[in-house]
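Chains, contacts and geometry: an overview
Below, each chain spelled out in residue letters.
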Amino acid sequence: MNIFLKNIVPAPLIGKVFEEHSIWNHACCFNAGEYYLIEAQSGEGKSSLMAFLYGLRFDYSGVIMLDDVSIQSLSLSNWIAYRQSKIAAVFQTLSLFDGLTLMENIQVKNELTAFKTEKEVDEMLGTLGVLAHKNQKVGTLSMGQKQRVAIVRALCQPFEWILLDEPFSHLDQINTGLALQLILDACAAQNAGLILTSLGDELEAYPLKTLRL
Ligand SMILES: Nc1ncnc2c1ncn2[C@@H]1O[C@H](COP(=O)(O)OP(=O)(O)OP(=O)(O)O)[C@@H](O)[C@H]1O
């Protein structure tokens, strides 16, 4: 599935002048199966773009197409279907349940999708260094640990695109590399694409196409 943006401008940024290569107010295509890094400073609209692509916000001008379907035309049941099998996401809020354990948070999703075996979930948690915390309440985990739980949970579903809004902001360089590699492997296994936002340039060494807002 290709994602086309045609002259998108978030309502809060209307009236601002954008650079020639900006995504905002220009035509832009995210090609199916490719990996994109959106680099921008705070307040330039990274979270807004992710919310638009996931159908959480519609306060923008312009058109967003998923192949030949305008996302403005999707019903709630269409969105549910897209989010179940086509678009996975990790937002900055993470949306974890603090009162549940790490593993319960993941099983809430994986029991619905049955996408990963328990062994596969354990392997992903082990790769990201949080397996020892599987029975700990999420409310007591560090922010970096919570980010890794949210990433593993997002991978517990089929997808054509995964949207990640500053998913490594609390991770050190080594854990960032491990998490990104896990995500890239999951994308490669499904020929899925990735759109990742970042404040800085710490991900420029990875095989991602960098775009500016
Ligand atoms: N719901 C909203 N209503 C009004 N203004 C908003 C809304 N959401 C975001 N904005 C404004 O739109 C601009 C972009 O916000 P956004 O959260 O997308 O930025 P960001 O690039 O993700 O920032 P950060 O890196 O700090 O998370 C900001 O000026 C923000 O104040």
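Going by the structure above, here's the rest.
Reference entry: report on the structure contained in this document. (Residues numbered from 1 in each chain as written. Predicted model: local features only at pLDDT ≥ 70, side-chain atom pairs only at ≥ 80, totals over all residues.)

What to know about the overall build of the chain
From N to C terminus, the chain includes six helices and nine strands. In terms of C-alpha radius of gyration, the chain reaches 17 Å, essentially the compact-globule figure of 17 Å for 213 residues. Judged by the C-alpha coordinates and their principal axes, the chain covers about 50 × 35 × 30 Å. Put simply, the chain has 213 residues, and 37% of those count as buried. Summarising the internal contacts of the chain: among those between residues at least 6 apart in sequence, 79% fall at separations of at least 24. (Helix = DSSP H or I, 4+ residues; strand = E, 2+ residues; numbered from the N terminus. Rg over C-alpha atoms; globule rule 2.2 N^0.38 Å. Buried ≥ 20, exposed ≤ 12 C-beta atoms within 10 Å, placed from the backbone. Contact = placed C-beta atoms within 7 Å.)

With respect to the sheet that holds strand 5 (residues 69-70)
Taken together, the four strands give an open sheet; going across it, the order is 2-1-4-5, and neighbouring strands pair in antiparallel fashion. The open sheet is flanked by strand 2 (27-30) and strand 5, the only strands paired with a single partner. Across two bridges, the pairing between strand 4 (residues 60-66) and strand 5 is antiparallel. In the sheet register, Leu-66 faces strand 5, and the bridge partner there is Val-69. (Pairing = 2+ DSSP bridges.)

Quick notes on the sheet that holds strand 3 (residues 35-39)
For sheets, the rule is that strands pair by backbone hydrogen bonds, running either parallel or antiparallel. Here we have five strands laid out as an open sheet, ordered 6-7-8-3-9, and parallel in their pairing. In this open sheet, the two strands that pair with only one neighbour each are strand 6 (87-90) and strand 9 (209-212). Each strand axis lies, on average, 20° off the axis of its neighbour in the sheet, ignoring direction. Bridging between strand 3 and strand 8 (residues 193-198) involves five bridges; their strand directions are parallel. Note that in strand 8 the partner of Ile-38 across the bridge is Thr-197. This element, helix 5 (residues 143-154), spans strand 6 and strand 7 (161-165) of the sheet and lies at about 175° to strand 6. On top of the sheet, helix 6 (residues 173-190) reaches strand 3, strand 7 and strand 8; it is set at about 155° to strand 8, its chief contact. (Axes fitted to C-alpha atoms, helices over the stretch in contact; angles between N-to-C directions.)

Comments concerning helix 3 (residues 102-113)
With 12 residues, helix 3 should reach 16 Å at 1.5 Å per residue; the first-to-last C-alpha distance of 17 Å fits that figure. Among the residues making up helix 3, those that are buried are Leu-102, Met-103, Asn-105, Ile-106 and Asn-110. Axial view of helix 3: buried residues confined to an arc of 160°, hence all on one face. Opposite the buried face of helix 3, by more than 90 degrees, sit the exposed residues Glu-111 and Leu-112. (Expected span 1.5 Å × (residues − 1). Arc of directions from axis to C-beta.)

A look at the site of the ligand
The immediate surroundings of the ligand are formed by Pro-10, Pro-12, Ala-40, Ser-42, Gly-43, Glu-44, Gly-45, Lys-46, Ser-47, Ser-48 and Leu-199. If one sorts the elements of the shell around the ligand by residue count, helix 1 (residues 46-53) sits on top with three residues. (Near = placed C-beta within 6 Å.)

Observations regarding the nonpolar core
Residues Val-152, Ile-162 and Leu-163 are the most contacted members of the largest nonpolar core, which totals 57 residues. Those residues in contact with Val-152 that lie beyond four places of it in its chain are Ile-106, Val-121, Met-124, Leu-125 and Leu-128. (Core = buried A, V, L, I, M, F, W, Y, C linked by C-beta atoms within 7 Å.)

Points about the environment of Leu-131
Here Leu-131 is to be found in the loop between helix 4 (118-127) and helix 5. A sequence separation of 90 residues divides Leu-131 from Gln-41, and the C-alpha atoms of the two residues are 33 Å apart.

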